[in-house]
4 protein chains.
Amino acid sequence: MSISQTSSQDILARLAQVVHERRSADPEKSYVARLLFKGEDAILKKIGEEATETVMAAKDGEPQKIINETADLWFHCLVMLELYGLQPSQVLDELARREGLSGLDEKAARKAKERE
Amino acid sequence: MSISQTSSQDILARLAQVVHERRSADPEKSYVARLLFKGEDAILKKIGEEATETVMAAKDGEPQKIINETADLWFHCLVMLELYGLQPSQVLDELARREGLSGLDEKAARKAKERE
Amino acid sequence: MSISQTSSQDILARLAQVVHERRSADPEKSYVARLLFKGEDAILKKIGEEATETVMAAKDGEPQKIINETADLWFHCLVMLELYGLQPSQVLDELARREGLSGLDEKAARKAKERE
Amino acid sequence: MSISQTSSQDILARLAQVVHERRSADPEKSYVARLLFKGEDAILKKIGEEATETVMAAKDGEPQKIINETADLWFHCLVMLELYGLQPSQVLDELARREGLSGLDEKAARKAKERE
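## Structural notes on the relation of the copies chain C and chain B
Here comes step 1: Here chain C sits on chain B after a turn of 180 degrees about the axis and a move of 0.0 Å along it, with an RMSD of 0.0 Å. These values place the two chain copies in the arrangement generated by a two-fold rotation axis. Across chain C, the smallest distance between a C-alpha and the rotation axis is recorded for glutamate 49 of chain C, namely 2.5 Å.
Here comes step 2: Interface overlap between copies: 100% of the residues of chain C at the interface are likewise at the interface in chain B, consistent with a symmetric, same-surface contact.

Below you can see the structure in the form of structure tokens.
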């Protein structure tokens, strides 16, 4: 039975909490503390790097690698959100709002309108 | 009840389901159907593009823009996962597994080991 | 005389000059004029997009596609340089300086030092 | 007087030659040798990373940083080209060909056509 089916807790919220707690950890001992200590450019560079690795994993067509790299990408997004005092629930609310208000294609419609 | 009280697992699973259903929609009417119809390169290009837009939003330091662009990035990750028949729960399981097994810094330790 | 016997400096400088001239062209008729009119975010997004397409072409292992996408990437770098009033000769000078002063590995040494 | 104005040699071709020679150097002593030894994924990851750093430098609006990061990006493109046995002159020829044949906006026209 998979973790996501059993856990009654919110995985991303829990991870965000752990990331938040690591902020005050020793940068020598914690990767997350070190990244937050290095600051904005170091964290944003990781977003670009992990996105590239996700694309490469997809091109290689290896399912487990795609899952691992997407996990890396989302995890570094959590570190970035922490840097700006934001929560993953705000991202999920935005996704749910789009679905609720006008369907998943709202963004596309909006973007297409911008181009005109 | 606010949307954010629903778990991230639920929201992402529901969105993945909608993306899956759009697969058979009319590419003329649905952005998601069109993207899935165009295939791998079109979807992966969006991952790179949305990651760049997330980085730019962060540099601009506008919280709502950061949330919106991260939502765009995660959403296109869901479209990519759908293309390969994968589920967001598998990504969340991987994140939970890392936390459970050896802490959030496992990845860093693993990567550092690879470099040696 | 083949085009490639002309120096890279010459070709890039000539292209930069054309990009510069397009700045005042009609955005309706010129892709470059439109991109410069849209401004920073539109141009930087293209850098991320074309870099991703270069990575995908490399993964596909198609030589002509790699060349085309690298050309697209460098071309959009010229548009970015124009936006900030910079010249490709400044980038080439920087590359030549590194080679001249301390070898191609200077950057790596510098970066490695930063990490310590 | 800048290097690019005095040098009668082709800077990118000369750098590509140096990169080629480093291929057989000791990976312990040369950054380029190490990168080529690590192979495709390591090199392509750098393309994504340097593109992101270029975007961040542009957002910071620091001219020298933009030049340095663009130089890093182009340099890692040379390493990628070397990996596939390609030359920067082939990229420059492609850029010159586009200019010569149908103007800089050919690509845009082609892309726009593809979208239809």
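## Some details on the interface of chain C and chain B
Here comes step 1: Taken together, the contacts link 10 residues of chain C with 10 residues of chain B.
Here comes step 2: For the pair chain C and chain B, the summed buried surface comes to about 890 Å²; carbon and sulfur atoms form 58% of the total.
Here comes step 3: The largest share of the area that chain C buries against chain B comes from Lys45, Glu49 and Met56 of chain C, three residues that together contribute 50% of it.
Here comes step 4: Joining chain C to chain B, the criterion identifies 6 salt bridges.

## Details of helix H5 (residues 63–83) of chain D
All names here are of chain D.
Here comes step 1: The end-to-end C-alpha distance of H5, which contains 21 residues, comes to 30 Å, matching closely the 30 Å that a straight helix rising 1.5 Å per residue would cover.
Here comes step 2: Across the 21 residues of H5, 17 count as buried, placing the element largely inside the fold.
Here comes step 3: At the C-terminal side of H5, glycine 85 shows a positive phi close to 70 degrees.

## Remarks on the interface of chain A and chain B
Here comes step 1: In this assembly, 64 residues from chain A lie in contact with 64 residues from chain B.
Here comes step 2: Counting each side, the surface lost to burial between chain A and chain B is near 5,700 Å², with a carbon and sulfur contribution of 68%.
Here comes step 3: Linking chain A with chain B are 6 salt bridges, by the criterion used here.
Here comes step 4: The salt bridge involving arginine 98 of chain A is made with aspartate 72 of chain B; its shortest N-O contact spans 2.6 Å.
Here comes step 5: For the pair chain A and chain B, the number of links is 10 residue pairs in polar contact (both at pLDDT 80 or more).

## Digging into the relation of the copies chain A and chain B
Here comes step 1: Least-squares fitting of chain A to chain B yields an RMSD of 0.1 Å, with the transformation described by 0.0 Å of translation along the axis and a rotation of 180 degrees.
Here comes step 2: When the interface residues of chain A are mapped onto chain B, 95% of them again lie at the interface, so the same face is used by both copies.

## Considering the side chain of aspartate 10 of chain D
Here comes step 1: Relative to the helices and strands, aspartate 10 of chain D resides in the loop between helix H1 (3–6) and helix H2 (11–22).
Here comes step 2: We note that aspartate 10 of chain D is buried and unpaired, the nearest opposite charge coming from arginine 14 of chain D at a distance of 7.9 Å.

## Details of the environment of leucine 81 of chain B
Here comes step 1: Looking at where leucine 81 of chain B falls in the secondary structure, it is placed in helix H4 (residues 63–83).
Here comes step 2: As for leucine 81 of chain B and valine 91 of chain B, which are separated by 10 residues in sequence, their C-alpha atoms are 9.4 Å apart.

## Thoughts on the side chain of arginine 98 of chain A
Here comes step 1: Relative to the assigned elements, arginine 98 of chain A resides in helix H6 (residues 88–102).
Here comes step 2: For arginine 98 of chain A, a relative accessible area of 5% puts it in the buried group.
Here comes step 3: Here the side chain of arginine 98 of chain A touches aspartate 72 of chain B through a polar contact of 2.6 Å, side chain to side chain.

## Topic: the packing of helix H1 (residues 8–22) of chain B against H4 of chain B
Residues and elements named next belong to chain B.
Here comes step 1: One can describe the packing of H1 onto H4 by two numbers: an axis separation of 10 Å at closest approach and a directional angle of 60 degrees. On the basis of the axis angle, H1 is oblique to H4. You can see that H1 and H4 cross each other, and the crossing is right-handed. When H1 is examined against H4, the residues Leu12, Leu15, Ala16, Val19 and His20 are found in contact with a partner set consisting of Phe75, Leu78, Val79 and Glu82.
Here comes step 2: Classifying every residue of the contact of H1 with H4 by side-chain character gives 7 nonpolar, 1 polar and 1 charged.

## Topic: helix H4 (residues 40–60) of chain D
Residues and elements named next belong to chain D.
Here comes step 1: Given a rise of 1.5 Å per residue, 21 residues ought to cover 30 Å, and the 30 Å separating the end C-alpha atoms of H4 matches this to within 8%.
Here comes step 2: Counting buried positions along H4 gives 16 out of 21 residues, so the element sits mostly inside the fold.
Here comes step 3: Of the residues trailing H4, glycine 61 is marked for its positive phi of about 65 degrees.

## Comments concerning the nonpolar core
Here comes step 1: In terms of nonpolar packing, the biggest core is built from 66 residues, with Trp74 and Leu95 of chain A together with Trp74 of chain B touching the most fellow members.
Here comes step 2: Ignoring any residue separated from it by four or fewer positions in sequence, one finds tryptophan 74 of chain A in contact with Leu12, Trp74, Cys77, Leu78, Pro88, Val91, Leu92 and Leu95 of chain B.
Here comes step 3: Grouped together as the second largest cluster of nonpolar side chains are 65 residues, Ile11 and Val91 of chain C together with Leu73 and Leu78 of chain D included.

Reading the values: rules and limits
- Residues numbered from 1 in each chain as written.
- Chains lettered and ligands numbered in written order.
- Predicted model: local features only at pLDDT ≥ 70, side-chain atom pairs only at ≥ 80, totals over all residues.
- Heavy atoms only, no water.
- Least-squares fit on C-alpha atoms with pLDDT ≥ 70 in both.
- Contact = heavy atoms within 4.5 Å.
- Buried area = accessible area lost by both parts, 1.4 Å probe.
- Salt bridge = Lys/Arg side-chain N within 4 Å of Asp/Glu carboxyl O.
- Helix = DSSP H or I, 4+ residues; strand = E, 2+ residues; numbered from the N terminus.
- Expected span 1.5 Å × (residues − 1).
- Buried < 20%, exposed > 50% of the residue type's maximum accessible area, 1.4 Å probe, protein only.
- Polar contact = N/O pair within 3.5 Å; in protein donor to acceptor, adjacent residues only side chain to side chain.
- Lys, Arg positive; Asp, Glu negative; His and termini not counted.
- Axes fitted to C-alpha atoms, helices over the stretch in contact; angles between N-to-C directions.
- Parallel < 35°, antiparallel > 145°, perpendicular 65-115°, else oblique.
- Left-handed = near helix turned anticlockwise from the far one by under 90°.
- Nonpolar A, V, L, I, M, F, W, Y, C, P; charged D, E, K, R; others polar.
- Core = buried A, V, L, I, M, F, W, Y, C linked by side-chain atoms within 4.5 Å.

Read these as layout, nothing more, since geometry by itself doesn't imply function.
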